[in-house]
Number of protein chains: 2
Amino acid sequence: MQYTIKLHIKNTEKTITAEEGDDLFRLLQNSGIAMNTPCAGKGTCGKCVVRVEGDLKAPSDREKSLIGGGMLEKGYRLACYTRVSSDLDVYPEGDIREASIITAGKMRSIPLEPAVQKRFIELELPSLEDQRPDLERVLEALSSDTVTGADETGKVPSNIPDIVEDISRSTMPCSLDMIKELPGILKASGYKITAVLVNGGLAAVEPGDTSDRIYGMAVDIGTTTVAAYLYDLASGKRVSTGSMLNPQRKYGADVISRIDHTIRTENGRAELRSLITECIGGLATEMADRVGINKADIYTAVFAGNTTMQHLLLGLDAAGIATAPFIPVTTRPVWLSSKELGLSFNRYGTAAVFPGVSAYIGGDIVASILSSGIYEADDISLLVDIGTNGEIVLGGREWLLACSTAAGPAFEGANIKNGMGGVAGAIDSVSHAPDFIYSVIGNTKPAGICGSGIVDAIAAMLDAELLDETGRIPDADEAAAAGEISQRLVSLDGSRAFVICGGPEPIIITQRDVREIQNAKAAIAAGIETLIREAGISPDDIRKVYLAGGFGSSLHIDTAVRIGLLPKTLENRIEAIGNASGAGAAEGLLSAASLRIAENLSRKVRYIELSASAYFTEKYVENMLF
Amino acid sequence: MQYTIKLHIKNTEKTITAEEGDDLFRLLQNSGIAMNTPCAGKGTCGKCVVRVEGDLKAPSDREKSLIGGGMLEKGYRLACYTRVSSDLDVYPEGDIREASIITAGKMRSIPLEPAVQKRFIELELPSLEDQRPDLERVLEALSSDTVTGADETGKVPSNIPDIVEDISRSTMPCSLDMIKELPGILKASGYKITAVLVNGGLAAVEPGDTSDRIYGMAVDIGTTTVAAYLYDLASGKRVSTGSMLNPQRKYGADVISRIDHTIRTENGRAELRSLITECIGGLATEMADRVGINKADIYTAVFAGNTTMQHLLLGLDAAGIATAPFIPVTTRPVWLSSKELGLSFNRYGTAAVFPGVSAYIGGDIVASILSSGIYEADDISLLVDIGTNGEIVLGGREWLLACSTAAGPAFEGANIKNGMGGVAGAIDSVSHAPDFIYSVIGNTKPAGICGSGIVDAIAAMLDAELLDETGRIPDADEAAAAGEISQRLVSLDGSRAFVICGGPEPIIITQRDVREIQNAKAAIAAGIETLIREAGISPDDIRKVYLAGGFGSSLHIDTAVRIGLLPKTLENRIEAIGNASGAGAAEGLLSAASLRIAENLSRKVRYIELSASAYFTEKYVENMLF
């Protein structure tokens, strides 16, 4: 039996055909409707809310417990529990919003010296007295000091990597495809050519002077959001930015769900790879169109992401990351052709993937260490990136330690009753003194609450004694002493909750939400303490604390300290540095030297495995208290 | 109008359909019948003799002049002049024989240290205390001194290239394809693997111990003949050899005709590339079958050929080689995957192409310099390779000079009335004192005469005063004084000729043949003198003369000196070393160090362009005399 399903998204309508018993979650997914669902349809997160008109079987007890009171009556259901048994009109209500542009991280001032460069050269013409092979003619002109063009016009950066000088000694510094075309290009251009150099090797030769057309892309591949930055590599200027939700989200909010998908599904690895490369290709097209350049003018891309994201981008088997002893395939930097990645850049385009440290300290953290500059400071700094995992780096010029805590995605709004990302509609700050007020991103009607709002709300509850140090929300009698604000406590499904805003669709913090945050903040705090102990220093030796990532930027430092996420003693030394990973990727794009530093950093960082640390476990339990 | 053409080859018959006016030469070619025709159907060499039954138009004067007396009457025609205008029975008579196996050159004793090696390793198992990434685990085991397996079993060579020690410092010493498979192989094999190393980089990983299965192929790509040698790289033993006529011959006997084909024909370059790679693939299959191994056990091939052959193998544009100022695309050594060459070896197989010096001093000569060892001798040596071109190298440990003379293919039997290669049926020696005798390869009825036979015959004519020092064959009166042997002189088509064997299909040396040989020997002799002068030495400083190649091996040194091909003063220092190019390719296969030496040699050899040398022209004219 076939049924007609009408999907209503915003103001558009889409009709699909379904079989009796089809899973509505998969139908939506197959129709390209990606909902932000942490569990990826496994029936545990309760996020795939849809309003349904049409006949459906009665909800199971499990569905009832997830969807909350009153919703079912209004026609709301969870797509993952819904099986088609009639024609339906479906109105998805979950998080299918666009992500907002991620602020780029703080960029350092570095010399423009990209690994990919162009150089215009006018070659001497061949003769019986000068019978050098075509390739030798080009390579020797490139290694000579008296190159015509480039340096004089000032169009291309003058810091050609040292390696160019080695070209004439290297065996074959270019691809066979390229040298197949070489004689034709030389003849057609009258021996006036532009060389495209990658790490000092000759990647391509173009007829005439094209040295002013060379663009590159830096990409931060987050588990949730992909942020891209387009640079003019001739001038070093950023010319466009773009960002998208990571389309792999449809297979889960966290890395483990996505790795699971690659293990469980035959083509899962290829599928996740396509999703991310199409996303990157889309961002490249979008930015190129905006700036009015051709995608063929993009010669390179530099990627930074966590180890799983980088494995999925490269099509590597990530299974070893998901289970103990947590073994990645490789954490080395990888150079490959953009063609190999499925990106329609210049056909001789290349791509570089940042080096990482371990399964849970990836290229994104190495990029963040790079752009934060902590590795060259005499003082000891702490770098904290709180996302789905919480990655922590401690150290300076002499040594660097890192660990990763399975903080869970609570601070990104996942596994939180009314949680959502830091996008339009999210409550992002809450304060209670003198009055109880909250703010909403985009000044719209609140649709949920994001990480910074949750931290604020919990701090407010603690201040108002609507939460004890064990994280228990008091019952009505106990709370009465807190005064007017205590009226915001309600009982819901047999459990206590704190109402931030009321109405028919209230935004609340549940007892369960508090437990999620307790777990997450305990993990971060215990991770910091473990690194400090491992380093044999005292917290006061830390001169600077950098908060990387979107959550770090929106976080209010006072409330983060209040709930014990960050150490009180360091409160005045904390600075948010935005998308440090993106900034590091951009730095790697603009400077081959920075990429080499990143490679050294990836070997220098000592990784501390917390799952093997008794000290961490002890501190984790301690830090559960507020 | 369509006609039926029956092709009779040996004892087989093949029927094809042709249109009115079709060119019989092309019809034969398209039917896979490759005749050994120097001009490739351009109507100048007179080699594509066929006997034809059926109606044909009368022969043109040009065809008459090429095919010689009495042949036309017997039904013989030249295929390239023949246009189809009726049903025909065609009996090809030209050289469609198989080549005989080319003798391998003299191999030096070198340490077994191939660029491609295997190493069996048992890896430590990963744990929370040892979280090294899969790739790092493999690479570190390879660079450590305590490798299990390989060295102990003695199955693989112990001289792992130094570069292996650099592995752990290199960025990414292996392909993405390989690391995609790595985790699966590690798990399946219980972390007991065999690494395939290429130049110290990790090319592949195989489960279990496969270190005794590793074969490689050395190939000498001659313009006329392709010779291949299969080696067991674990033991360094040669296990099989094979050779075939170069199938590109159907587009001409010399390199210029083949380059012309790539210029004139749209897919010419691809076509010539396929012809040679299919030939190599066929030789590999043949040898692998003979030894009873799988082609997937062949991990590498090393190629040496002249610059044109190497360009055609790599699919490079060879047009620059054909005309002044004679510019190749590259003469650097090239490493590529065997897959890229279209060879179905091991799927991670590689191939190396020898470095060359210039358009006319190719990888074959560098390989010959290598295997002859002249580059490390304190004394000065002369190396002469006489083929379609005559390549000459002079020097020793301190310096090396090289030149190439357009000697023409006369010594290979081309452009000689009854000339043929040194294969069964060829007269290969002629002597006249005390009696006039000749020998035939394979002791069969003579079908023609090869280079060594021609040189002998001309020497005999000189000794008997049947040829003056200008190369003129005397008329009957003048020759009478020579006695009985003078009866071998006849007049043919208004010109004088020397009859080696009579009968209905006589083998003769014509006045034109003598001129061809005069040109060729003058070019070689003048080339030698030019190098000697360029080096500022006297002929007596040369301690050793090496004759490389098939012709060099069959040549009789006394007659070669008699006709002035080689200097009289060096007569006692001349040694034939066989297929020195093939021996050099084999050495490169067995020793990475030898390949590195070859690379240095290719840069060390100074090329002397004879077409720009007035001294060469002067000596060439002088050496025209006998």
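Before going into details, it helps to say that this report is about the structure given with it. (Residues numbered from 1 in each chain as written. Chains lettered and ligands numbered in written order. Predicted model: local features only at pLDDT ≥ 70, side-chain atom pairs only at ≥ 80, totals over all residues. Heavy atoms only, no water.)

### Here's the deal with the overall build of chain A
Point 1. Across its full length, chain A carries 18 helices and 26 strands.
Point 2. The C-alpha radius of gyration of chain A comes to 27 Å, within 12% of the 25 Å expected for a compact globule of 626 residues.
Point 3. Split into buried and exposed, the 626 residues of chain A put 60% on the buried side.
Point 4. Summing over all exposed atoms, chain A offers an accessible surface of approximately 24,000 Å²; the carbon and sulfur share of this is 48%.
Point 5. Here chain A carries 59 positive and 81 negative side-chain charges, and the mean point of each set is 2 Å from the other. (Helix = DSSP H or I, 4+ residues; strand = E, 2+ residues; numbered from the N terminus. Rg over C-alpha atoms; globule rule 2.2 N^0.38 Å. Buried < 20%, exposed > 50% of the residue type's maximum accessible area, 1.4 Å probe, protein only. Areas by Shrake-Rupley, 256 points an atom, 1.4 Å probe, with all protein chains shown as cover. Lys, Arg positive; Asp, Glu negative; His and termini not counted. Charge placed at Lys NZ, Arg CZ, Asp CG, Glu CD.)

### What to know about helix α3 (residues 134-143) of chain A
All names here are of chain A.
Point 1. Along α3, nine of the ten residues are buried, which leaves the element largely enclosed by surrounding structure.
Point 2. Within the span of α3, buried status applies to Asp134, Leu135, Glu136, Arg137, Val138, Leu139, Ala141, Leu142 and Ser143.
Point 3. The inward-facing, buried residues of α3 contact β6 (116-122), α5 (176-188), β7 (192-198) and β8 (201-207). (Contact = heavy atoms within 4.5 Å.)

### Examining the interface of chain A and chain B
Point 1. Every contact between the two is made by 49 residues of chain A and, on the other side, 48 residues of chain B.
Point 2. When chain A packs against chain B, the two sides together hide about 3,800 Å² of surface, and 57% of this comes from carbon and sulfur.
Point 3. On the chain A side of the interface with chain B, the three residues burying the most area are Gln131(A), Leu176(A) and Arg332(A), jointly 19% of the side's total.
Point 4. Across the pair Arg332(A) and Glu136(B) runs a salt bridge whose closest N-O atoms are separated by 2.7 Å. (Buried area = accessible area lost by both parts, 1.4 Å probe. Salt bridge = Lys/Arg side-chain N within 4 Å of Asp/Glu carboxyl O.)

### A short note on the environment of Gly584(A)
Point 1. As for its position among the elements, Gly584(A) is in helix α16 (residues 580-590).
Point 2. Other than its neighbours up to four places away in sequence, Gly584(A) contacts Phe354(A), Ala367(A), Leu370(A) and Ser371(A).

### Details of the side chain of Glu609(A)
Point 1. With respect to the helices and strands, Glu609(A) occurs in the loop between β26 (606-607) and α18 (614-623).
Point 2. Here Glu609(A) occupies a buried position and makes no salt bridge, while the nearest side chain of opposite charge, Arg137(B), is found at 11 Å.
Point 3. In terms of polar contacts, Glu609(A) uses its side chain to reach the side chain of Ser611(A), at 2.6 Å.
Point 4. In contact with Glu609(A), not counting residues within four places along its chain, are Phe326(A), Leu128(B) and Gln131(B). (Polar contact = N/O pair within 3.5 Å; in protein donor to acceptor, adjacent residues only side chain to side chain.)

### Section: unusual backbone geometry
Point 1. In this structure, Pro325(A) follows Ala324(A) across a cis peptide bond, with omega equal to 5 degrees.
Point 2. Within the fold, Pro325(A) resides in the loop between α9 (319-322) and β13 (334-337).
Point 3. Unlike most non-glycine residues, Phe326(B) shows phi in positive territory, near 60 degrees.
Point 4. Residue placement: Phe326(B) occurs in the loop between α9 (319-322) and β13 (334-337).

### Things to note about the pattern of salt bridges
Residue and element names in this part refer to chain A.
Point 1. Taken as a whole and assessed by the stated rule, the structure comprises 54 salt bridges over all chains.
Point 2. Here arginine 132 ties to aspartate 130 by a salt bridge, and the two come within 3.0 Å at their closest N and O atoms.
Point 3. Residue classification places aspartate 130 among the buried positions, given a relative accessible area of 14%.
Point 4. The partner of aspartate 540 in a salt bridge is arginine 573, with the nearest N and O atoms 3.1 Å apart.

### Looking at the relation of the copies chain A and chain B
Point 1. At an RMSD of 0.2 Å, chain A and chain B line up after a rotation of 180 degrees and a shift of 0.0 Å along the axis. Such a combination of turn and shift is consistent with a two-fold rotation axis. Using C-alpha coordinates, one finds that chain A approaches the rotation axis most closely at Ser175(A), a distance of 7.2 Å.
Point 2. An overlap of 98% is found between the interface residues of chain A and their copies at the interface of chain B, pointing to a shared contact surface. (Least-squares fit on C-alpha atoms with pLDDT ≥ 70 in both.)

### Structural notes on the packing of α3(A) against α5(A)
Residues and elements named next belong to chain A.
Point 1. Where α3 contacts α5, the axes come no closer than 9 Å and their chain directions differ by 80 degrees. Taken together, the axes of α3 and α5 lie roughly perpendicular to each other. Contact residues: α3 offers Asp134, Leu135 and Val138, while α5 offers Ile179, Leu182, Pro183 and Leu186.
Point 2. Of the residues that constitute the contact of α3 with α5, the class distribution is six nonpolar, no polar and one charged. (Axes fitted to C-alpha atoms, helices over the stretch in contact; angles between N-to-C directions. Parallel < 35°, antiparallel > 145°, perpendicular 65-115°, else oblique. Nonpolar A, V, L, I, M, F, W, Y, C, P; charged D, E, K, R; others polar.)

### A look at the side chain of Thr277(A)
Residues and elements named next belong to chain A.
Point 1. Structurally, threonine 277 is set in helix α7 (residues 268-291).
Point 2. With a relative accessible area of 10%, threonine 277 lands in the buried category.
Point 3. Ignoring anything within four residues of it in the chain, the contact list for threonine 277 reads Leu313, Leu341 and Leu343.

### Here's the deal with the sheet that holds strand β10 (residues 225-232) of chain A
All names here are of chain A.
Point 1. In spatial order, the strands read β11-β10-β9-β12-β14-β13; together these six strands make up an open sheet with mixed pairing. Edge positions in the open sheet fall to β11 (237-245) and β13, since each of these has one partner strand only. Looking at each pair of strands side by side, their axes are set apart by 20 degrees on average, direction ignored.
Point 2. In the sheet, strand β9 (residues 215-221) pairs with β10 via seven bridges, with the strands oriented antiparallel. Residue alanine 218 lies in a different strand from β10, and its bridge partner there is tyrosine 229.
Point 3. Here α16 sits on the sheet and contacts β9, β10 and β12 (298-305); the angle it forms with β9, its principal contact strand, is near 150 degrees. (Pairing = 2+ DSSP bridges.)

### As for the sheet that holds β26(A)
Residue and element names in this part refer to chain A.
Point 1. Here we have six strands laid out as an open sheet, ordered β25-β24-β15-β16-β17-β26, and mixed in their pairing. The sheet is open, and its two edges are formed by β25 (574-578) and β26, each paired on a single side.
Point 2. Two elements, strand β16 (residues 390-395) and strand β17 (residues 400-405), share six bridges in a ladder whose sense is antiparallel. By the bridge assignment for β17, isoleucine 392 is matched with cysteine 403.

### Describing α5(A)
Point 1. Maximum bend of α5(A): about 40 degrees, positioned at Leu182(A), with proline Pro183(A) one to four residues after it.
Point 2. Turning to α5(A), the residues buried within the fold contact α3, β7 and β8 of chain A together with α7 (268-291), α8 (307-314) and β13 of chain B.
Point 3. One or two steps after α5(A), the chain reaches Gly190(A), where phi turns positive at roughly 60 degrees. (Bend = angle between axes of the 7 residues up to and from the residue.)

### What about the packing of helix α6 (residues 255-264) of chain B against α8(B)?
Residue and element names in this part refer to chain B.
Point 1. Running from N to C, α6 and α8 point in directions that differ by 30 degrees, and their axes come no closer than 10 Å. The angle between α6 and α8 falls in the class roughly parallel. Between α6 and α8 the crossing geometry is left-handed. Within the contact between the two elements, α6 uses Val255, Arg258, Ile259 and Thr262 and α8 uses Thr308, Met309 and Leu312.
Point 2. Partitioning the contact of α6 with α8 into residue classes produces four nonpolar, two polar and one charged. (Left-handed = near helix turned anticlockwise from the far one by under 90°.)

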